[in-house]
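Fold and contact review
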Amino acid sequence: MSANPITAIHIQEAAAYIAGRTSLKPEIGLIMGSGLGVLGDHLENAETIDYRDIPHFPISTVEGHAGELLIGTLAGRPVVLMRGRFHMYEGYGPELTAFPVRVMKALGVGSMLVTNAAGGVNTGYEPGDLMLISDHINLTGKNPLIGPNDDALGVRFPDMSEAYSKRLRNAAKETAAKLGLTVREGVYAGLLGPTYETPAEIRMLRVLGADAVGMSTVAEVITARHAGIEVLGISCISNMASGILDQPLSHQEVIETTERVKSQFLGLVKAVIPLF
Ligand code: HPA
C-alpha cells in the first residue's frame, strides 16, 4: 500500500499561491463536469489561474488543456470553480484526484457543488434528466483517505451517512420547482473507468441500488466529507447505461446531451447558489 503523496505542506503551498492571486475569500467550491465549465463565464470579477501555475496541482489529460481555477462571485457569493477535473482513469491516485478539494478547504470553502455526466441505470430515466445525488456507492476499489490520517484535516473514520446534504438537496428541489424544472433524485455508482460498463455490470448496479453510473465524484466527495465540507451533487443523465437501449455508448452522445441541457443545468446551479 503506497503512502498518501499529499501532505499538509502541499495543500498549504497551493492554497497560498491561489490566495496571493485574489482578494476574494471563496466560500463555495464548484466542480464542473464535462461541458459545464462554461459556468465560469458567468462569474463576476473572476481571476483565472492555470492549473500549471499552482504548486503541486495535477494537470488534466482529457480535455486537451490543463484546466483552470476561477475565483469570482456568482449570485453575490464568492466561489472557486474548477474548469477541468481529475479522474482516476487518467492514472491519478484518489488523493491527487481530490487534491483540489483539500486546497478549496484551505482557502475557506465550507460547501461544495459537484456536477457530472452519468449513465442512467434506472430505466425510468431519460437522457437529459438532471438527478440530485442522494447517495453514492464507491465501486472504484480506491479511497482517498487510505494511509496515515492527518487529524488536522479530519477524523480517521468519517461518517458517510449523509454524504450529500439533505438541506442542500431540499434547496435544489425547491429551486427546481420554482424554475419549472423536473429533477430526479437517486444513487450514483462511481466506477474507475475508462471503459463504459458491460450490460451485465449495469444489471448488477441496478440490483445494488444504483440509479446512475459515472467515473468521477466519489473521491472528491469522500475527501470533502472528511474535511467537513457540505456537498450538493447533481448528475446530468447523458445517456442510458449499457444494454438498456440497443445501441453502443459514445463520448459523443455524452457531450451532445450535456450541451442540449446545459442552459437548464446552469440555470438551476445559478439559482441554487444563494441558498448554499
Ligand atoms: N457510464 C459511465 N460513465 C459515464 C456514462 C456511463 O454510461 N455516461 C457518462 N459518464
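Look a little higher up for the structure.
Let us look at the structure shown here. (Residues numbered from 1 in each chain as written. Predicted model: local features only at pLDDT ≥ 70, side-chain atom pairs only at ≥ 80, totals over all residues. Heavy atoms only, no water.)

1. Some words on the site of the ligand
Contacts to the ligand come from Ala117, Ala118, Gly119, Tyr196, Glu197, Val213, Gly214, Met215, Ser238, Asn239, Leu249 and Val254. Between the ligand and alanine 117, the relevant distance is 3.4 Å, taken from a nitrogen atom to a main-chain nitrogen or oxygen of the residue. Between the ligand and asparagine 239, the relevant distance is 2.7 Å, taken from a nitrogen atom to a side-chain nitrogen or oxygen of the residue. When the free accessible area of the ligand is taken as 260 Å², the share hidden by the protein chains comes to 95%. (Near = heavy atom within 4 Å. Polar contact = N/O pair within 3.5 Å; in protein donor to acceptor, adjacent residues only side chain to side chain. Areas by Shrake-Rupley, 256 points an atom, 1.4 Å probe, with all protein chains shown as cover.)

2. Observations regarding the environment of threonine 97
With respect to the helices, strands and loops of the structure, threonine 97 is situated in helix H2 (residues 94-97). Taking the relative accessible area as the measure of exposure, threonine 97 reaches 6% and is therefore buried. When the C-alpha positions of threonine 97 and alanine 219 are compared, they lie 6.9 Å apart, and in sequence the two are 122 residues distant. In terms of polar contacts, threonine 97 uses its side chain to reach the backbone carbonyl oxygen of glycine 93, at 2.9 Å. (Helix = DSSP H or I, 4+ residues; strand = E, 2+ residues; numbered from the N terminus. Buried < 20%, exposed > 50% of the residue type's maximum accessible area, 1.4 Å probe, protein only.)

3. Considerations on the pattern of salt bridges
As enumerated under the stated definition, the model contains eleven salt bridges in all. A salt bridge links arginine 77 to glutamate 27, with the nearest nitrogen and oxygen atoms 3.0 Å apart. With arginine 77 in strand S4 (residues 77-83) and glutamate 27 in the loop between helix H1 (8-19) and strand S1 (28-32), this pair connects stretches of sequence that are 50 residues apart. Where arginine 83 meets aspartate 41, a salt bridge forms, and the shortest distance between an N and an O atom there is 2.5 Å. Taken together, the positions of arginine 83 in strand S4 and aspartate 41 in the loop between S1 and strand S2 (44-50) put the pair 42 residues apart, joining distant regions of the chain. Bridged by salt links that share partners, the residues Asp41, Glu68 and Arg83 form one connected network. (Salt bridge = Lys/Arg side-chain N within 4 Å of Asp/Glu carboxyl O.)

In short, shape yes, function no, at least from these values alone.
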